[in-house]
Amino acid sequence: MNTAVKVGAFGAGVVLAFGAAFGIGHAVGPVGSDPAPAHGGHGGAQAGPSGGARSPGATPAAAEMPGGLQVSERGYTLVAPAEPLPAGTATDFRFRVLGPDGQPWTRYDRAHDKDLHLIVARRDLSGFQHVHPVLGADGTWSVPLTFANAGTYRMFADFTPTGDPGGTLTLGADVVVAGDYAPAALPAPSRTAVVDGYTVTLAGDLTTASAPLTLNVSKDGRPVTDLQPYLGAYGHLVALRQGDLAYLHVHPQGAPGDGKTPAGPGIGFHAQAPSAGNYRLYLDFQHEGRVRTAEFTVTVGAATTPTPPPTQSTPPAQPAQPEHGEHAH
């Protein structure tokens, strides 16, 4: 679908048994092997690009690494389905997170009402879904999920391991959905998205510096002032970078019921893009008992460097005078 906005489809329908074997994502060995070494952290008090906090001891390069680019980090490894999945059919999507000891990790701190947030999107940035799987006793996560179209999808597991000082972590891995692949062009940049009769308008610019963004929700031409809390907030914003699908998850300012955060029409965020490039923004919001997803394409320009003030220079050299007997040309 090549429009500026689509509804993020949430997995539904009859659950089919999915018995695909598990395998470590494309960068590590089979289950039971030593996980790849950790690469930086996001824990501590300062917000990092992945939406979590980064550890006080992390190096600047590690702290600036966007989330979701690695299948293994800080000793945790995302184990995605190894076999191709069907398109257009509900499936029991199953995966695991291995801990530093190589065993399935089963202890998570709840963040925004859930122990783990699962985001999936096709690599052309279509087919976005934000769902919440259930953890089994054996450490396997599962959720009913339908992939509308064939292609390669990126899955993001956003979670906080209990007892890990690094804080929130986002791991990513590719998932293949079988069938004929017809890539979709990235919709043109726009500040307005329409979904199910709602109009969402983006105010502010996503830049490589922290900057405010406000998304205003209206319906039938009237501002919506009774948004409902969803996962502990009036909205959740995910940004994916075109090309490598670097992941940014931003939570809004304020909280429902805090006595100062209005229930619309504006949902305010502070966000920072990890680099220049094209991004797809996905805003989840809830109204009248249903969650909807508004989508935007934005372009982030390169960071600018202030022009230095002019310095005193020597007068320009005068052109040489022709010597006697010569003629200037």
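Residues numbered from 1 in each chain as written. Predicted model: local features only at pLDDT ≥ 70, side-chain atom pairs only at ≥ 80, totals over all residues. Heavy atoms only, no water.

Q: Tell me about the nonpolar core, and name the residues and values.
A: Counting residues in hydrophobic clusters, the biggest one holds 29 residues, and the most contacted among them are Leu206 and Phe285. If you list the elements that add at least two residues to this core, you get strand S13 (192-195), strand S14 (198-203), strand S15 (211-219), strand S17 (236-241), strand S18 (247-250), strand S19 (266-271), strand S20 (277-287) and strand S21 (290-300). Judged by nonpolar contacts, the second largest core, of 27 residues, contains Val71, Leu78, Ala80 and Val175. (Core = buried A, V, L, I, M, F, W, Y, C linked by side-chain atoms within 4.5 Å. Buried < 20%, exposed > 50% of the residue type's maximum accessible area, 1.4 Å probe, protein only. Helix = DSSP H or I, 4+ residues; strand = E, 2+ residues; numbered from the N terminus.)

Q: Give me the sheet that holds strand S8 (residues 129-131): which residues, what numbers.
A: As summarised here, the arrangement of the 4 strands in space is S8-S7-S11-S12, forming an open sheet in which the pairing is antiparallel. Since the sheet does not close on itself, it has two edges, and those belong to S8 and strand S12 (169-177), each with one partner. Taken pair by pair, the neighbouring strands of this sheet meet at an average axis angle of 20°, ignoring direction. Bridging between strand S7 (residues 116-122) and S8 involves 3 bridges; their strand directions are antiparallel. Among the inter-strand pairings, Ile119 is bridged to a residue of S8, identified as His130. (Pairing = 2+ DSSP bridges. Axes fitted to C-alpha atoms, helices over the stretch in contact; angles between N-to-C directions.)

Q: So what about unusual backbone geometry? Which residues, and what values?
A: For residues other than glycine, phi is negative in most cases, and the peptide bonds are mostly trans. A cis amide bond links Gly264 with the next residue in sequence, Pro265, at an omega value of 0°. Position of Pro265 relative to the elements: it lies in the loop between S18 and S19. Although it is not a glycine, Asp196 adopts a positive phi angle of roughly 50°. Relative to the elements of secondary structure, Asp196 occurs in the loop between S13 and S14. Note on Asp196: relative accessible area 37%, which makes it partly exposed. Even without being a glycine, Leu245 presents a positive backbone phi close to 60°.

Q: Describe the packing of aromatic side chains, and please don't skip the residues or the numbers.
A: Taken as a whole and assessed by the stated rule, the structure comprises 11 aromatic pairs. With a centroid separation of 6.0 Å and 50° between ring planes, the pair formed by Phe93 and Phe95 is classed as tilted. Under the relative-accessibility criterion, Phe93 is labelled buried at 0%. Of the residues examined, Phe95 reaches a relative accessible area of 0% and is grouped as buried. Residues Phe95 and Trp141 carry aromatic rings whose centres are separated by 6.5 Å and whose planes lie at 15° to one another, so their mutual orientation is stacked. One end of the pair, Phe95, is in strand S6 (residues 91-98); the other, Trp141, is in strand S10 (residues 140-145), and 46 residues separate them in sequence. (Phe/Tyr/Trp six-rings, centres within 6.5 Å; stacked < 30°, edge-to-face > 60°.)

Q: Lay out the pairing of S17 with the relevant residues and their values.
A: When you tally the buried positions in S17, you get 6 out of 6 residues, the bulk of the element. Of the two faces of S17, the one lined by His236, Val238 and Leu240 and the one lined by Leu237, Ala239 and Arg241 are each fully buried. Bridge count for S17 against S20 is 6 bridges, and the pairing is antiparallel. Counterpart to His236 in the pairing with S20 is Asp284. Bridge analysis of S17 against S18 gives 4 bridges, and the strand direction is antiparallel. The residue bridging Ala239 from the neighbouring strand is Leu248, located in S18.

Q: Which residues make up the pairing of strand S11 (residues 151-159), and what are the values?
A: For a regular strand, the rule is simple: side chains alternate between the two faces of the sheet. Within S11, 8 of the 9 residues are buried, leaving the element largely enclosed by the surrounding structure. Strand direction decides the pairing type here: S7 and S11, joined by 7 bridges, are antiparallel. Note on S11: the bridge partner recorded for His117 is Asp158. As paired strands, S11 and S12 are joined by 9 bridges and run antiparallel to one another. Its bridge partner being in S12, Asp158 is matched across the sheet by Thr170.

Q: Before we move on, could you go through the sheet that holds S21 and cite the residues and values that matter?
A: Reading across the sheet, the 4 strands line up as S18-S17-S20-S21 and stay open at both edges, with antiparallel pairing between neighbours. Every other strand in the sheet has two partners, leaving S18 and S21 as the edge strands with one partner each. On average, each strand axis in the sheet is tilted by 20° relative to the strand beside it, whichever way the strands run.

Q: Run through the pattern of salt bridges, naming residues and quoting values.
A: Taken as a whole, this structure holds 12 salt bridges when the rule is applied. Across the salt bridge formed by Asp164 and Arg74, the nearest N and O atoms sit 3.5 Å from each other. Highlighted residues: Asp164 in the loop between S11 and S12 and Arg74 in the loop between strand S4 (72-73) and strand S5 (76-81), separated in sequence by 90 residues. For the pair Asp164 and Arg74, a shared accessibility class is recorded, and that class is buried. The shortest N-O distance in the salt bridge between Arg292 and Asp196 comes to 3.4 Å. Pair noted here: Arg292 is in strand S21 and Asp196 is in the loop between S13 and S14, with a separation of 96 residues, a long-range link. (Salt bridge = Lys/Arg side-chain N within 4 Å of Asp/Glu carboxyl O.)

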